[in-house]
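So you can see what is in the structure, the chains are spelled out below.
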Amino acid sequence: MIVLAATPIGNLGDASRRLIETLSNASVVAAEDTRTAIHLMRALGIENRPRLIALHEHNDAGMPAISDPGFPLVEAAAAAGVTVTALPGPSAVLMALAVSGLPTDRFSFEGFPTRKGGERRRLFSSLSGEQRTMVFFESPHRLADTLADMAAGFGDDRRAAVCRELTKLHEEVRRGPLAELATWAADGVRGEICIVVEGSTGALDVTTIEDGVRLVLERVAAGSRMKEAAAAVADATGLSKRDLYEGALAAR
């Protein structure tokens, strides 16, 4: 059995009793950073010393399989018939969404935007009609540029929240229009960052399949799958998903 164990994202007091019990009895622990895993177990008073396996992608805490290498592990386990369960717990995505002050009934998690400025701007342009609240991760040294690109792609007045150092001593939630947040971040921001952006409040001003296909292709270029891109543009514009999908295939 594989147990996906959510770990604290900053405050050790958020470690659940089930997490402590599971780590105390585990024979093997796979972690993004084995040194952090050792530190966590010692800080929680766990004397067990399981075999540690490094599973790298991003050195983040929180819920395994959410923006980390847990996904391919779960995929492989499921294919092999191995039982997978989870210990619920801290999640930066859900906490940021909850404290953002933005709609929480429908949302999407977009992970880390690409580091390349041109691709990042195309991504935000392709998401401009997304009606769900969007949650992003970002590094502090790219925050100002990313917020500026978001303001360009989503509009200066689009509401957003920058959530910094969640559950830690210097936790901060900064809310406001994207342009205002970009100006604030230009002075430099430290810590682990989540950005929550309000979804579009109206349908895109797109009336032709040709314009819709262009938006689908922009989403595909930014990393979306063709069917997902066509469905998202159809939802935002009212155009036919089938026509958008077939038009995008033909255009490629």
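Structure's up top.
Source: prediction; values computed, not measured.

K.L.:
Would you explain the sheet that holds strand 9 (residues 193-197) in this entry?
P.N.:
Strand order in this open sheet of five strands is 5-6-9-7-8, and the pairing throughout is mixed. A single partner strand is all that each edge strand has here, and the edge strands are strand 5 (107-111) and strand 8 (172-177). Shown here is a sheet whose adjacent strand axes are inclined to one another by a mean of 20°, direction ignored. Sheet topology places strand 6 (residues 133-138) next to strand 9; five bridges connect them, and they run antiparallel. Across the sheet, residue E138 finds its bridge partner in strand 9, namely I193.

K.L.:
Which parts of the structure should I look at to understand helix 2 (residues 34-43)?
P.N.:
The α-helix advances 3.6 residues per turn, and as a result positions three or four apart in sequence lie on the same side. Taken together, the buried positions of helix 2 are A37, L40 and M41. Considered in projection along helix 2, the buried side chains sweep an arc of 95° and stay on one side of the axis. Turned more than 90 degrees away from the buried face of helix 2, the exposed residues are R35, H39 and R42. Residues of helix 2 that are buried in the fold lie against helix 1 (17-25), strand 2 (28-31) and strand 3 (51-54). Where helix 2 starts, the residue carrying a side-chain oxygen 3.0 Å from the main-chain nitrogen of R35 turns out to be D33.

K.L.:
Honestly, the side chain of S128 in this entry has me stumped. Any pointers?
P.N.:
Mapped onto the fold, S128 is located in the loop between helix 5 (117-126) and strand 6. There is a polar contact of 2.8 Å between the side chain of S128 and the backbone oxygen of S125.

K.L.:
For this particular structure, what's the right way to read the packing of aromatic side chains?
P.N.:
Any two aromatic rings considered together are summarised by their centre-to-centre distance and by the angle between their planes. Per the stated rule, a full pass over the model turns up four aromatic pairs. Aromatic pair F112 and F137: ring centres 5.5 Å apart, planes at 65°, arrangement edge-to-face. Here F112 is found in the loop between strand 5 and helix 5, whereas its partner F137 is found in strand 6, with 25 residues between them in sequence. On the accessibility criterion, F137 (10% relative accessible area) is buried. Three or more aromatic residues joined by ring pairs form one cluster here, namely F109, F112 and F137.

K.L.:
What should I look at first to understand the packing of helix 8 (residues 209-221) against helix 9 (residues 226-237) in this one?
P.N.:
Packed helices, taken two at a time, are described by their axes: the angle between them and the distance between them. Contact geometry for helix 8 and helix 9: axes closest at 9 Å, N-to-C directions at 135°. Regarding the angle of helix 8 to helix 9, the classification is oblique. Note on packing geometry: the crossing formed by helix 8 with helix 9 is right-handed. Counted together, G212, L215, V216, R219 and V220 of helix 8 and M226, A229, A230, A232 and V233 of helix 9 form the full contact between these two elements. Of the residues assigned to the contact of helix 8 with helix 9, the class counts are eight nonpolar, one polar and one charged.

K.L.:
What is the right way to look at the nonpolar core in this model?
P.N.:
Side chains that are nonpolar tend, in soluble globular proteins, to be buried together. Counting 21 residues, the largest nonpolar core has L143, L147, M150 and V197 as the members making the most contacts within it. Broken down by secondary-structure element, the contributors of at least two residues to this core are helix 5, strand 6, helix 6 (143-154), strand 7 (159-164), helix 7 (178-185) and strand 9. The residues touching L147, leaving out its near neighbours within four places in the chain, are V162, L178, L181, A182, A185 and I195. Ranked by size, the runner-up nonpolar core spans 13 residues in total, among them A92, A96, L97 and L166.

Cut-offs used in this document
Residues numbered from 1 in each chain as written. Predicted model: local features only at pLDDT ≥ 70, side-chain atom pairs only at ≥ 80, totals over all residues. Heavy atoms only, no water. Pairing = 2+ DSSP bridges. Helix = DSSP H or I, 4+ residues; strand = E, 2+ residues; numbered from the N terminus. Axes fitted to C-alpha atoms, helices over the stretch in contact; angles between N-to-C directions. Buried < 20%, exposed > 50% of the residue type's maximum accessible area, 1.4 Å probe, protein only. Arc of directions from axis to C-beta. Contact = heavy atoms within 4.5 Å. Polar contact = N/O pair within 3.5 Å; in protein donor to acceptor, adjacent residues only side chain to side chain. Phe/Tyr/Trp six-rings, centres within 6.5 Å; stacked < 30°, edge-to-face > 60°. Parallel < 35°, antiparallel > 145°, perpendicular 65-115°, else oblique. Left-handed = near helix turned anticlockwise from the far one by under 90°. Nonpolar A, V, L, I, M, F, W, Y, C, P; charged D, E, K, R; others polar. Core = buried A, V, L, I, M, F, W, Y, C linked by side-chain atoms within 4.5 Å.

In short, the description is geometric, and any link to function would need to be established separately.
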